[in-house]
Amino acid sequence: MNNVRPESMARITTPELAKAFIDEQVKEIREQVGSDKVLLALSGGVDSSVVAALLIKAIGKQLVCVHVNHGLMRKDESENVIKIFSEGLDANLVYVDATDRFLDLLAGVSDPEKKRKIIGAEFINVFADEARKLDDVKYLAQGTIYPDILESIKQAEGKKAVKSHHNVGGLPEDLKFSLVEPIKLLYKDEVRVVGEALGLPHAMVYRQPFPGPGLGVRCLGAITRDRLAALREADAILRDEFDKCGLAEKVWQYFVVIPDIKSVGVKDESRYEGWPAIIRAVNTKDAMSATIEEIPYSVLHKITARITTEVDGINRVLMDLTPKPVGTIEWE
Ligand code: XMP
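Just so it is clear, the model here is predicted, and its values are computed rather than measured.

Draft legend 1. Just the overall build of the protein, in detail. Along the protein, the regular secondary structure elements total 11 helices and 10 strands. Its C-alpha atoms give the protein a radius of gyration of 21 Å, within 12% of the compact-globule value 20 Å for 332 residues. Overall, the C-alpha framework of the protein stretches about 70 × 45 × 40 Å when taken along its three principal axes. In the protein, buried positions account for 49% of the 332 residues.

Draft legend 2. Structural detail: the packing of aromatic side chains. Counting across every chain of the model gives two aromatic pairs. The interplanar angle of 90° and the centroid separation of 5.6 Å between the aromatic rings of Tyr146 and Tyr187 together place this pair among those described as edge-to-face. Of this pair, Tyr146 sits in helix α6 (residues 146–156) while Tyr187 sits in the loop between β5 (178–180) and α7 (188–197); the two residues are 41 residues apart in sequence, bridging distant segments of the chain. Note on Tyr187: relative accessible area 23%, which makes it partly exposed. Cation over ring: Arg74 sits above Phe210, and NZ or CZ is 4.0 Å from the ring centre. In this arrangement the basic side chain of Lys262 is found over the ring face of Trp275, its NZ or CZ atom lying 4.9 Å from the centre.

Draft legend 3. Spatial organisation of the environment of Asn3. Structurally, Asn3 can be placed in the segment before α1 (15–33). The exposure class of Asn3 is partly exposed, given its relative accessible area of 39%. Along the backbone, Asn3 and Tyr146 are 143 residues apart, and their C-alpha atoms lie at a distance of 8.3 Å. Setting aside residues up to four positions removed in sequence, Asn3 forms contacts with Tyr146, Ile149, Lys184 and Leu185. Polar contacts involving the side chain of Asn3 include one to the side chain of Lys184, which spans 2.9 Å.

Draft legend 4. Structural detail: unusual backbone geometry. The residue after Lys324, namely Pro325, is reached through a cis peptide bond having omega -20°. For Pro325, the location among the structural elements is in the segment after β10 (314–319). You will see that Asp90, though not glycine, has its phi angle at about 55°, which is positive. You can see Asp90 is positioned in the loop between α3 (77–88) and β3 (92–97). A relative accessible area of 48% means that Asp90 is categorised as partly exposed. Despite not being glycine, Ala287 shows a phi value in the positive range, around 70°. Looking at the secondary structure, you find Ala287 in the loop between β8 (270–283) and β9 (291–292).

Analysis parameters
- Residues numbered from 1 in each chain as written.
- Predicted model: local features only at pLDDT ≥ 70, side-chain atom pairs only at ≥ 80, totals over all residues.
- Heavy atoms only, no water.
- Helix = DSSP H or I, 4+ residues; strand = E, 2+ residues; numbered from the N terminus.
- Rg over C-alpha atoms; globule rule 2.2 N^0.38 Å.
- Buried < 20%, exposed > 50% of the residue type's maximum accessible area, 1.4 Å probe, protein only.
- Phe/Tyr/Trp six-rings, centres within 6.5 Å; stacked < 30°, edge-to-face > 60°.
- Lys NZ or Arg CZ within 6 Å of the ring centre and 35° of its normal.
- Contact = heavy atoms within 4.5 Å.
- Polar contact = N/O pair within 3.5 Å; in protein donor to acceptor, adjacent residues only side chain to side chain.

Structure below.
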């Protein structure tokens, strides 16, 4: 399969078309890898999850999935990956809790690009350590999709990227794998249709985008464990409330950001210094520009009440009303 989507390739919009694609890929994957092992970094995002499910269907336990928990995942995220893939699909899954490795390296680092670089590089180190423990793995599967290929072409033409994005490319020299990229000609909407046809849960296949560096780009400035824990809890409350009132289906991306500042508040009749939790809820078609979704005040009051009572260390809740441009979607 080369890197150009043929004009004749029909858009995968129905379960029947997805099934035909899956059958064709299962055959191609089996032909490509034979009886060899394939390694996959399984983040739990849509793309890597669909590739995992596709490869499990094609080659079962010849696929070794490595899930690296960098300590910057959302609440229950790693647990869900284990539940769906280990328990549900009987995957050959290696779970690595690398929280301490990442958080120790990030301690005291406040520059956003430095944080991204540390997270990206350490991700590769952890993944490479796991890869070296395995014998006779010849292939590396990746959840590359067509927009990633189009973006690389743009960058090769000299157009500058705004942020250094996180991926598993750039493994060390001693780890030379041939790539397996079964969804590289698909657009995101097609990946979701294929994912559902493979039996992945709707919530996983239609989940909102989540950046590779995870909560690291939302815990602004130098990450501390207490502020990260507050962010994880506040974010879980926001997602829970959006689920309950149907906004989760209407808003493209919604999350909490916690900056590295404190203000004075009052709790139990005493001075209470805490961080503000900032809510960001945007709609977009392609993430290049974004508009602000109107959230009913009743929902905002409920979220504010829950975050300020249930989460240690937060004493205010704010709403970001800035479209992109001029703000980016993430704060960093
Ligand atoms: P910005 O903040 O640039 O974000 O407006 C645009 C979209 O990209 C997501 N994002 C990332 N996705 N790896 C990803 O896979 C990353 O490193 C990354 N950084 C930002 C962001 O969440 C938004 O949806």
